[in-house]
Amino acid sequence: MNHLQRLLCTLYVATSAGLTWTTVLEYRHGPLWAACLFGAASLVPVIALARESEPRPRPAVGELWGVECAAEEDVVRIELDAACCERWWTSCGTDHDSSCPHRIPRSSAA
C-alpha cells in the first residue's frame, strides 16, 4: 500500500466516523429518517475502504506498456485473412460480394 492509498484509507475512516457520530446525534435529537439516512451514508466509506485495501494483481509487462503478445497478433491475422469479403462481415455471414469465391450458397440437397 503506497502513501496515497494510506491517505485515502485515513480519509475514509474519518468520514465514516463523522457520519456515524452524526447518525447518533440525529437519532437522539433529530428526525428518525435523517438518522437512517446518515447511517446508510456511513457505510459507503467502509465499502470504499474495503475496495481500496484489497490487493490488486500487478499488470504484466506487456499490458503495462500496451504491447500485445505475438501469439495474439498471429491469431487475429489468421482470422482476418480467413474472412471472405466486406459484405460477409457486415451481413453476419449471410451475403457475399459478387467477386467473392464463396458467394454461391451450398445446396442442402444430399
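As shown above, the structure is provided for reference.
Residues numbered from 1 in each chain as written. Predicted model: local features only at pLDDT ≥ 70, side-chain atom pairs only at ≥ 80, totals over all residues. Heavy atoms only, no water.

Caption draft 1: Inspection of the overall build of the protein chain at higher detail. Looking only at helices and strands, one finds six helices and zero strands in the protein chain. Listed by position from the N terminus, the elements making up the protein chain come as α-α-α-α-α-α. Looking at the protein chain residue by residue over its 110 residues, the buried ones come to 14%. Looking at the protein chain alone, contacts between residues at least 24 apart form 34% of all its contacts between residues at least 6 apart. Total accessible area computed for the protein chain in this model is approximately 9,400 Å², and 63% of it derives from carbon and sulfur atoms. (Helix = DSSP H or I, 4+ residues; strand = E, 2+ residues; numbered from the N terminus. Buried < 20%, exposed > 50% of the residue type's maximum accessible area, 1.4 Å probe, protein only. Contact = heavy atoms within 4.5 Å. Areas by Shrake-Rupley, 256 points an atom, 1.4 Å probe, with all protein chains shown as cover.)

Caption draft 2: Fine view of the side chain of threonine 23. Mapped onto the elements of the fold, threonine 23 is located in helix H1 (residues 3–29). By relative accessible area, which is 17% here, threonine 23 ends up buried. With residues up to four places along the chain from it excluded, the contact list for threonine 23 reads Ala35, Phe38 and Gly39.

Caption draft 3: Region of the structure containing the packing of helix H2 (residues 32–41) against helix H3 (residues 43–53). One can describe the packing of H2 onto H3 by two numbers: an axis separation of 4 Å at closest approach and a directional angle of 5°. Taken as axis vectors, H2 and H3 run roughly parallel relative to one another. Only Leu43, Val44 and Pro45 of H3 make contact with H2, whose side of the interface consists of Gly39, Ala40 and Ala41. A breakdown of the residues in the contact of H2 with H3 according to their chemical character gives five nonpolar, one polar and no charged. (Axes fitted to C-alpha atoms, helices over the stretch in contact; angles between N-to-C directions. Parallel < 35°, antiparallel > 145°, perpendicular 65-115°, else oblique. Nonpolar A, V, L, I, M, F, W, Y, C, P; charged D, E, K, R; others polar.)

Caption draft 4: Geometry of the side chain of serine 16. When you line up the elements, serine 16 lands in helix H1. The exposure class of serine 16 is buried, given its relative accessible area of 11%. Not counting residues up to four positions away in its chain, the partners in contact with serine 16 are Ser42, Pro45 and Val46.

Caption draft 5: Expanded view of the packing of H1 against H3. Axis separation between H1 and H3 bottoms out at 8 Å; the angle between their running directions is 160°. Here H3 runs roughly antiparallel to H1, going by the angle between their axes. As H1 runs across H3, the sense of the crossing is left-handed. Across from Gln5, Leu8, Cys9, Tyr12, Val13, Thr15, Ser16 and Leu19 in H1, the residues of H3 making contact are Pro45, Val46, Ala48, Leu49 and Glu52. Class assignment for the residues of the contact of H1 with H3 results in nine nonpolar, three polar and one charged. (Left-handed = near helix turned anticlockwise from the far one by under 90°.)

Caption draft 6: Representation of a nonpolar patch on the surface within the structure. Together, Leu4, Leu7 and Leu11 make up an exposed nonpolar region whose accessible area comes to about 300 Å². With respect to the helices and strands, the residue leucine 4 is situated in helix H1. (Patch = residues over 30% accessible without salt bridge, like charges linked within 9 Å, V, L, I, M, F, W, Y side chains within 5 Å. Salt bridge = Lys/Arg side-chain N within 4 Å of Asp/Glu carboxyl O.)

Caption draft 7: Geometry of H1. With 27 residues, H1 should reach 39 Å at 1.5 Å per residue; the first-to-last C-alpha distance of 39 Å fits that figure. Considered for burial, the residues of H1 that qualify are Gln5, Cys9, Ser16, Leu19 and Thr23. The inward-facing, buried residues of H1 abut H2 and H3. For H1, the capping residue at the N-terminal end is asparagine 2, with a side-chain oxygen 3.3 Å from the backbone nitrogen of leucine 4. (Expected span 1.5 Å × (residues − 1). Polar contact = N/O pair within 3.5 Å; in protein donor to acceptor, adjacent residues only side chain to side chain.)

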